[in-house]
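Examination of the molecular architecture
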Amino acid sequence: MMLLTGILLILLVLVCGWQGLTIFFSLGLNFVVIILALVLVAGGFEPLIVSGLLSLILLATSIFMNTKQPLTAKTAFVTSLIVVGLLIIIVPLSQLAATYGFGAEDAEEIEGFGLAIGLSFQKISIMMIILGSLGAIAETSIAVASGLVEILEYDAQMGSKQLFKAGIAIGEKIIATAFNTLFFSFFGSFLSLTMWFIQLGYPISKIVNHKILIGEGLALLIGVIGVIATVPLTSWILNYFRKPKDE
């Protein structure tokens, strides 16, 4: 871990210059914030409240510390907060699948422990889904906002409708990439588990309906929904922020 961390730092400096140090520092700060959030939840704090505060801090450090253009940073931050708020509203719908908690394969490891620990596994599941979607949402918003700001540098008088359409055109390319990133991450995380199921002779119907896989699949879908919603919202908010300059 120390060797890979050192390689990461060197590559960041070589590719991004001294800005790489800021990126590395923000990554370390986010790691500390996440650990603190886990401690708070384990200590009995409300997971949904902690999720909201954690999202606010992570987005602020990730966007403002690593984005030099003020309009891009402000647009991406506001957009990401709104999308995360929308996800907090729709995520509970995924709980109808009852995928939170432990699967049957965990029974042997936890049979000697009590589950009455005073925590809501349902709310913890919501927290995990929100955190898993933050990166993709912020990345999409920054990419769309950066593209639109560059367009405005060449044509500051572009109309709102044209700029909105340009944002959608940029977002169409980003959505496919973001979806593939989330999908490959999901598939890679459960490749060994899927192979284990196949070796044990699990029928396909049991594999595709397995609690763990379905839970991660729902998290994947919610993340993609957040990414898609980010594209038009980013275009609209950037148009809103630049209106006073036009007038």
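Because the structure is a prediction, the values reported are computed rather than measured.

For the rest of this paragraph, the subject is the overall build of the chain. Along the chain, the regular secondary structure elements total ten helices and zero strands. In the chain, the succession of helices and strands from N to C terminus is α-α-α-α-α-α-α-α-α-α. Counting all 247 residues of the chain, 35% fall into the buried class. For the chain, long-range pairs separated by at least 24 residues make up 75% of all intrachain contacts whose partners lie at least 6 apart in sequence. With an accessible surface of roughly 14500 Å², the chain has 72% of that area assigned to carbon and sulfur atoms.

Another point: the packing of aromatic side chains. For the structure on display, the rule yields three aromatic pairs. An angle of 55 degrees between the planes, with centres 5.1 Å apart, marks the rings of Phe-64 and Phe-77 as tilted. One end of the pair, Phe-64, is in helix α3 (residues 47–64); the other, Phe-77, is in helix α4 (residues 70–94), with 13 residues separating them in the sequence. Residue classification places Phe-77 among the buried residues on the basis of a relative accessible area of 14%. Here a set of aromatic residues connected by ring pairs shows up, and it is made of Trp-236, Tyr-240 and Phe-241. Over the ring of Phe-241 we find Lys-74; its NZ or CZ atom is 4.4 Å from the centre of that ring.

Formed by 26 residues in total, the largest nonpolar core has its most connected members in Leu-54, Leu-59, Ile-63, Val-84, Leu-87 and Met-127. Counting only elements with at least two residues in this core, the list comes to α2 (19–42), α3, α4, α6 (121–154) and α10 (211–246). If you tally residues by element for this core, the top one is α6, at eight residues. When residues no more than four places from it in sequence are discounted, the contact partners of Ile-63 are Ala-73, Ala-76, Phe-77, Ser-80, Ala-138 and Ile-142. The next biggest cluster of nonpolar side chains, apart from the first, holds twelve residues, and it includes Leu-71, Val-149, Leu-163 and Val-231.

Looking now at a nonpolar patch on the surface. A surface patch of nonpolar side chains, amounting to about 770 Å² of accessible area, comprises Leu-3, Leu-4, Ile-7, Ile-10, Leu-11, Leu-14 and Val-15. Assignment of secondary structure puts Ile-7 in helix α1 (residues 2–16).

For the rest of this paragraph, the subject is the packing of α1 against α2. Relative to each other, α1 and α2 sit at 140 degrees, their axes nearing to 7 Å. It follows that α1 is oblique to α2 by the angle criterion. Residue-level contacts link Thr-5, Leu-8, Leu-9, Leu-12, Val-13 and Cys-16 of α1 to Gln-19, Gly-20, Leu-21, Ile-23, Phe-24 and Leu-27 of α2. Looking at the contact of α1 with α2 residue by residue, the class counts come to nine nonpolar, three polar and no charged.

Among the secondary structure elements, Thr-72 is positioned in helix α4. In this structure Thr-72 touches Thr-67, Ile-142, Ala-145, Ser-146 and Val-149, once residues within four positions along its chain are discounted.

Moving on: α1. The terminal C-alpha atoms of α1, which comprises 15 residues, lie 21 Å apart, in line with the 21 Å expected from a rise of 1.5 Å per residue. After α1 finishes, the residue Gly-17 shows a positive phi value of roughly 70 degrees.

A few words now on the packing of α2 against α3. Packing of α2 against α3 brings their axes to within 10 Å, and their N-to-C directions diverge by 175 degrees. If you check the angle between α2 and α3, you find them roughly antiparallel. For the pair α2 and α3, contact is made by Ser-26, Leu-29, Asn-30, Val-33, Ile-34, Ala-37, Leu-40 and Val-41 and by Pro-47, Val-50, Leu-54, Ile-57, Leu-58, Thr-61 and Ser-62, respectively. Looking at the contact of α2 with α3, its residues break down into eleven nonpolar, four polar and no charged.

All right, on to the environment of Ile-63 then. Looking at where Ile-63 falls in the secondary structure, it is placed in helix α3. Considered as a pair, Ile-63 and Ala-73 are ten residues apart in the sequence and their alpha carbons are 5.9 Å apart.

This part is about the confidence of the model for the chain. Of the residues in the chain, 83% have a pLDDT of 70 or more, and the chain-wide mean is 78. Here helix α5 (residues 107–110) is the element of the chain with the lowest mean pLDDT, 50, and α1 is the one with the highest, 88.

Further remarks concern the side chain of Ser-55. Along the polypeptide, Ser-55 turns up in helix α3. Setting aside chain neighbours within four positions, we find Ser-55 in contact with Val-84, Ile-130 and Leu-134.

Reading the values: rules and limits
Residue numbering note: each chain is counted from 1, following its sequence as written. Given that the model is predicted, a residue must reach a pLDDT of at least 70 before its local features are reported, and side-chain atom pairs must reach 80 or more before they are shown or counted; all residues, however, enter totals for whole chains, interfaces and linings. Neither water nor hydrogens contribute to the side-chain values; these are computed over all heavy atoms in the structure. Secondary structure elements follow DSSP: runs of H or I of four or more residues count as helices, runs of E of two or more count as strands, with numbering from the N terminus. For every residue, the accessible area obtained with a 1.4 Å probe (protein chains only) is divided by the maximum for its type, and the residue is called buried under 20%, exposed over 50%, and partly exposed between those limits. The contact rule is simple, with two residues in contact once any of their heavy atoms fall within 4.5 Å. Here the Shrake-Rupley method, with its probe set to 1.4 Å, supplies the accessible areas, and only the displayed protein chains count as covering residues. Centre distance within 6.5 Å is the pairing criterion for rings of Phe, Tyr and Trp, where only the six-membered ring of Trp is used; planes under 30 degrees apart are then read as stacked, over 60 as edge-to-face, and the remainder as tilted. Working rule: Lys NZ or Arg CZ, within 6 Å of ring centre, within 35 degrees of ring normal, means a charge sits over the ring. For the purposes of this section, nonpolar cores are sets of buried Ala, Val, Leu, Ile, Met, Phe, Trp, Tyr and Cys residues that join through side-chain atoms within 4.5 Å. Patches here: salt-bridge-free residues with over 30% relative accessible area, like charges joined within 9 Å, nonpolar side chains (Val, Leu, Ile, Met, Phe, Trp, Tyr) joined within 5 Å. For this document, the term salt bridge refers to a Lys or Arg side-chain nitrogen within 4 Å of an Asp or Glu carboxyl oxygen. Fitted lines through C-alpha atoms give the axes, limited to the stretch in contact for helices. The angle between two N-to-C directions lies from 0 to 180 degrees. Oblique is the label for any angle not under 35 degrees, not over 145, and not in the 65 to 115 range, which are roughly parallel, roughly antiparallel and roughly perpendicular in turn. Three residue categories are used. Nonpolar comprises Ala, Val, Leu, Ile, Met, Phe, Trp, Tyr, Cys and Pro, charged comprises Asp, Glu, Lys and Arg, and polar comprises the others, including Gly. Here the expected length of a helix is defined as 1.5 Å per residue gap, with one fewer gap than residues. Values of pLDDT, ranging from 0 to 100, describe the predictor's confidence in every residue of the model.

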